[in-house]
Amino acid sequence: MTQKIVVGLSGGVDSSVTAHLLQQQGYDVVGVFMQNWEDDNNDEYCSIKEDSMDAIAVADLLGIDIELVNFAGQYKDRVFSYFLAEYSAGRTPNPDILCNSEIKFKCFLDYAIELGGAKMATGHYAANRVRPDGRTELIRAADQSKDQTYFLYRLSQAQVSQAVFPLGELQKSQVRVIAEEIGLPNAKKKDSTGICFIGERPFRDFLNRYLPKVPGAMVTPEGRVTGEHMGLMYYTIGQRQGLGIGGEGLPWFVAGKDMDKNELIVVQGHDHPSLLKHDLLALDCSWILGELPAEGRYTAKTRYRQQDAACTLTHVDGGVALHFDEPQWAMTPGQSMVLYQGDVCLGGGIIQ
Ligand SMILES: Nc1ncnc2c1ncn2[C@@H]1O[C@H](COP(=O)(O)OP(=O)(O)OP(=O)(O)O)[C@@H](O)[C@H]1O
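Residues numbered from 1 in each chain as written. Predicted model: local features only at pLDDT ≥ 70, side-chain atom pairs only at ≥ 80, totals over all residues. Heavy atoms only, no water.

- The name given to the protein chain in an unreviewed UniProt entry is tRNA-specific 2-thiouridylase MnmA, and the organism recorded there is Amantichitinum ursilacus.
- Check the Subcellular location (unreviewed entry) section of the UniProt entry for the protein chain; it says "Cytoplasm".
- If you open the UniProt record of the protein chain and go to Catalytic activity (unreviewed entry), you find "S-sulfanyl-L-cysteinyl-[protein] + uridine(34) in tRNA + AH2 + ATP = 2-thiouridine(34) in tRNA + L-cysteinyl-[protein] + A + AMP + diphosphate + H(+)". (UniProt positions renumbered as here; feature names shortened; annotations may be inferred.)

Rendered as structure tokens:
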């Protein structure tokens, strides 16, 4: 009997090619399109309707069944509420990471099992491999420029071991060629960008719909007032655009927030010492193999689009401390530190 596999079909190129490749491997493929966001005002920035129609067209072309499922309630409770709480606390969360561990690889996985699938697959650029001890590890994608392990670091052993990532060995250019060869209607569709529920909409307007803005002073670390900020939640460490202070000398950057005084700390110059730090504390950690990595040498990323950097890990109460060989730029509270050993993604935690 052919094995059933449930594929997350987003209407994009990657998941469409994923479904096709699994068909070729002989699986009985079922597609599922998830709706994770419901907007009451049906605005112009929301592409869910269009994406679901694309997913249906792809399923039609491939000759597979497709189910539409709504996880918007779960998304609000488990991802969006965290997103708002973090912004209120002056931090910069990454909701797409939580969406993977709480929705795509939890609600979706449960649903896939209900549908009779022994496994679930997505078009993520990542791979997994069973180790000699029987546990499954998460591996970087062959296409280093597309690798998405950073977004998957909070998956548990159970989640990683039930996932299939057919694009892990391919380059994105090969995926596009396959998409054209099989005549996918969406072969030229652009990659999605940004946080999924915000999409291309203006970020400040969106956030202000949910959180009140409290303007305050913009100050240098020495306490000199340089202007007014529009609300601390709108700014992130390392931000240069939108500060409204120009004039003489080097450009200005956000270097910190004083939540008690409602002040935004700004410094002049990309390489100002308060933006460059050797040390990092990560709490609320999650480890793919189910155990805290031993103290020692690793590499780590503190943002997605970044080469990982050499560091030394030590254990601390409730998490890990990293000391980087070279100072890292604009490490941001609320963002994730993701730890690697060679090509293996070990997990990570939230930067404090
Ligand atoms: N709305 C959705 N419904 C079902 N699966 C989804 C949905 N959004 C994303 N996924 C799954 O998660 C994978 C990674 O999502 P991501 O948002 O990174 O997509 P992407 O790289 O733009 O891929 P794609 O080209 O397939 O949209 C997708 O390839 C797909 O398998």
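As for the UniProt feature "active site" (unreviewed entry) in the protein chain
Item 1. On the UniProt side, "active site" (unreviewed entry) is annotated at positions that read Cys99 and Cys196 here.
Item 2. One can find Cys99 in helix 4 (residues 95-114).
Item 3. For Cys99, a relative accessible area of 3% corresponds to the buried category.
Item 4. Excluding its chain neighbours within four sequence positions, the residues that come into contact with Cys99 are Asn36, Tyr75, Val79 and Lys104. (Helix = DSSP H or I, 4+ residues; strand = E, 2+ residues; numbered from the N terminus. Buried < 20%, exposed > 50% of the residue type's maximum accessible area, 1.4 Å probe, protein only. Contact = heavy atoms within 4.5 Å.)

Examining the environment of Leu109
Item 1. Note on placement: Leu109 falls in helix 4.
Item 2. Leu109 gets classed as buried once you look at its relative accessible area, which sits at 6%.
Item 3. Residues Leu109 and Val7, spaced 102 residues apart in sequence, show a C-alpha to C-alpha distance of 9.9 Å.
Item 4. Leu109 has contacts with Lys104, Met120, Gln159 and Gln162, leaving out every residue within four places of it along the chain.

A closer look at the domain arrangement of the protein chain
Item 1. For the protein chain, the assigned domains read domain 1 (4-123 + 166-181), domain 2 (212-270) and domain 3 (277-351).
Item 2. For domain 1 and domain 3, the distance between their C-alpha centres works out to 28 Å.
Item 3. Counting from both sides, the interface comprises seven residues of domain 1 and, opposite them, seven residues of domain 3.
Item 4. Carbon and sulfur atoms make up 44% of the area that domain 1 and domain 3 hide from each other, which totals about 480 Å².
Item 5. Linking domain 1 to domain 3 there are zero salt bridges.
Item 6. Our count for the contact surface shared by domain 1 and domain 3 stands at three residue pairs in polar contact (both at pLDDT 80 or more).
Item 7. Looking at the side of domain 1 that touches domain 3 residue by residue, the classes come out as three nonpolar, two polar and two charged. (Domains from an automatic or database assignment. Buried area = accessible area lost by both parts, 1.4 Å probe. Salt bridge = Lys/Arg side-chain N within 4 Å of Asp/Glu carboxyl O. Polar contact = N/O pair within 3.5 Å; in protein donor to acceptor, adjacent residues only side chain to side chain. Nonpolar A, V, L, I, M, F, W, Y, C, P; charged D, E, K, R; others polar.)

Some words on the packing of aromatic side chains
Item 1. What the rule picks out here adds up to 15 aromatic pairs.
Item 2. Measuring from centroid to centroid gives 6.4 Å for Phe71 and Tyr111, while their planes differ by 85°, and the two rings are edge-to-face. With a gap of 40 residues between them, Phe71 in the loop between strand 3 (65-70) and helix 3 (72-88) and Tyr111 in helix 4 connect regions that are remote in the sequence.
Item 3. For Phe71, a relative accessible area of 6% corresponds to the buried category.
Item 4. Note on Tyr87 and Phe203: the rings are 5.6 Å apart at their centroids and 55° apart in plane angle, and the pair reads as tilted. Of the two residues, Tyr87 is situated in helix 3 and Phe203 in helix 8 (residues 203-208); the sequence distance between them amounts to 116 residues.
Item 5. Of the residues examined, Phe203 reaches a relative accessible area of 27% and is grouped as partly exposed. (Phe/Tyr/Trp six-rings, centres within 6.5 Å; stacked < 30°, edge-to-face > 60°.)

Thoughts on the nonpolar core
Item 1. If you look at the biggest cluster of nonpolar residues, it comprises 87 residues, and the most contacted ones within it are Val17, Phe83 and Leu243.
Item 2. The biggest single contributor to this core is helix 4, with 10 residues.
Item 3. Setting aside chain neighbours within four positions, we find Val17 in contact with Leu167, Val175, Ile178, Ala179 and Leu184.
Item 4. Within the second largest apolar cluster, 19 residues are counted, among which are Ile139, Ala300, Cys311 and Val320. (Core = buried A, V, L, I, M, F, W, Y, C linked by side-chain atoms within 4.5 Å.)

Focus on the UniProt feature "domain: tRNA-specific 2-thiouridylase MnmA-like C-terminal" (unreviewed entry) in the protein chain
Item 1. Per the UniProt record, "domain: tRNA-specific 2-thiouridylase MnmA-like C-terminal" (unreviewed entry) is found at residues 278-351.
Item 2. Note that residues 278-351 is 0% helix and 66% strand, and that its end C-alpha atoms are spaced 13 Å apart.

Observations regarding the sheet that holds strand 2 (residues 28-35)
Item 1. Spatial ordering of the open sheet is given by 3-2-1-4-7, a layout of five strands whose pairing is parallel. With one partner strand each, in any of the chains shown, strand 3 and strand 7 (163-164) form the two edges of the open sheet.
Item 2. With three bridges connecting them, strand 1 (residues 4-8) and strand 4 (residues 119-121) associate as parallel partners. Across the sheet, residue Ile5 finds its bridge partner in strand 4, namely Lys119. (Pairing = 2+ DSSP bridges.)

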